[in-house]
Amino acid sequence: MRIVVALGGNALLRRGESPESAIQLEHVAEASPALAKAATDHQLVLVHGNGPQVGMLALESAADPSISRPYPFSDLVAETQGVIGYWLQQGLANAGLTTPVVTLVTQTLVEADDPSFGDPTKFVGTAYDEERAHQLADANGWTVRPDGPAWRRVVASPLPQRIIELETARTLLEGGTTVVLAGGGGVPVVETAHGLAGVEAVVDKDHVAALIAAELQADLLILLTDVDGVMADYGTLQQRVMGEVTADELLALSFPAGSMGPKVAAACHFVQTTGKHAAIGALAAAGDVIGGAAGTQIRGT
Ligand code: ADP
Ligand code: MG
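Scope of this entry: the structure provided in the associated data block. (Residues numbered from 1 in each chain as written. Chains lettered and ligands numbered in written order. Predicted model: local features only at pLDDT ≥ 70, side-chain atom pairs only at ≥ 80, totals over all residues. Heavy atoms only, no water.)

### Here's the deal with the side chain of Asp-114
- Summarising the element assignment, Asp-114 is placed in the loop between β4 (107-109) and β5 (122-128).
- One buried charge, Asp-114, has no salt-bridge partner; the nearest side chain with opposite charge is Arg-145, at 12 Å.
- Of note is the side chain of Asp-114, whose polar atom sits 2.8 Å from the backbone nitrogen of Ser-116.
- In contact with Asp-114, other than residues within four places in its own chain, are Pro-158 and Leu-159. (Helix = DSSP H or I, 4+ residues; strand = E, 2+ residues; numbered from the N terminus. Buried < 20%, exposed > 50% of the residue type's maximum accessible area, 1.4 Å probe, protein only. Lys, Arg positive; Asp, Glu negative; His and termini not counted. Salt bridge = Lys/Arg side-chain N within 4 Å of Asp/Glu carboxyl O. Polar contact = N/O pair within 3.5 Å; in protein donor to acceptor, adjacent residues only side chain to side chain. Contact = heavy atoms within 4.5 Å.)

Set out below in structure tokens:
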């Protein structure tokens, strides 16, 4: 089988954890045995998120007195692709993967007039209480929104149109190489009169993973995150993981725009347009989610 697995940035660095390198390496190490097995048994493409990581780099860049303006999000996304890709390459090899694995620095084409530029929804960086979030927003020109009980910065998240390096990834995959592709959703770029140029946005990695899965004719799309699956009555005492569901059943419900919303939309779109299978589950249960024994398993009918 050919499988596309997306790893949540919030699963690599959980809410409330200090953004240490060692903590994230530990989460990569926990998930690596299951991912290495998937890479051995199947053709595997790994996509990863970067919300917490890119937000931290943005804070650091804004605080750097030696530069006249912070690095744009396009540059910062490329930086996160490097470090998270390196962690994954090392984690997979240390977990026993003997076939090659590479990270492709990847650009994702978006439309300059995507409506999300006027309505940012993508959470980046750390969580604040409401008062601190509004202070930081006023001081730095940010937009902030509630993410569960906490508040976080949000940036534009335009829909991915095309993966610039897709055919290189296909060639690598067909040659037996596991590919870490479009990390953080890919570096967001637009077409200009002078060619491609980076923009201030972070593309949602779930939508990118679904696009990659469709374009590469994958058999399975797996979205791994920090909860056990899509929950009914989420946030209430009655919350429970939905196991086997159809795309229609999920699409009849509503989910928050910056978190579970894009996962459900991306997984259902993949299932409905390709007739293939998708699942949403916990990074900590990666093997079982891939094997169909855990998480929310989504079928067309
Ligand atoms: P990732 O970094 O993996 O993309 P997100 O924060 O974007 O993580 O999405 C996962 C989060 O979605 C969960 O941690 C949870 O707080 C939130 N969420 C919102 N609604 C639901 C729901 N109905 N079921 C499960 N999780 C939900
Ligand atoms: Mg997310």
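### Some remarks on the layout of surface pockets
- By volume, the largest pocket is sized at about 720 Å³.
- Listed by contribution, the elements that provide at least two residues to the lining of the largest pocket are α1 (9-12), β5, β6 (143-147), β7 (150-155), α7 (205-215), β13 (231-232) and α9 (260-274).
- Residues belonging to the lining of the largest pocket are distributed by class as follows: 15 nonpolar, 12 polar and 11 charged.
- Looking at the second largest pocket, its volume works out to about 370 Å³.
- The wall of the second largest pocket is formed by 20 residues, among which Phe-73, Asn-140, Trp-142, Arg-153 and Glu-200 lie closest to the centre.
- Elements with a contribution of two residues or more to the lining of the second largest pocket: α3 (51-62), α4 (73-94), α5 (130-140) and β7. (1 Å grid on protein atoms, 1.4 Å probe; cavity = no way out; pocket = protein on both sides within 12 Å on 5 of 7 lines; lining within 4 Å. Points joined across faces, edges and corners; volume = space filled by probe spheres on them. Nonpolar A, V, L, I, M, F, W, Y, C, P; charged D, E, K, R; others polar.)

### What to know about the site of ligand 1
- As a structural note, the neighbourhood of ligand 1 is formed by 18 residues, with Asn-10, Lys-205, Thr-225, Asp-226 and Lys-263 the closest of them.
- The separation between an oxygen atom of ligand 1 and a polar main-chain atom of Gly-9 is 3.3 Å.
- In the model, a nitrogen atom of ligand 1 is placed 2.9 Å from a nitrogen or oxygen of the Met-231 main chain.
- Contact with the protein chains covers 91% of the free accessible surface of ligand 1, which is 580 Å².
- Among the cavities detected, the one that contains ligand 1 is the largest pocket.
- Broken down by secondary-structure element, the contributors of at least two residues to the shell around ligand 1 are α1 and α9.
- Taken together, the residues of the shell around ligand 1 sort by class into 7 nonpolar, 7 polar and 4 charged. (Near = heavy atom within 4 Å. Areas by Shrake-Rupley, 256 points an atom, 1.4 Å probe, with all protein chains shown as cover. Sits in = over half its atoms within 2 Å of the grid points.)

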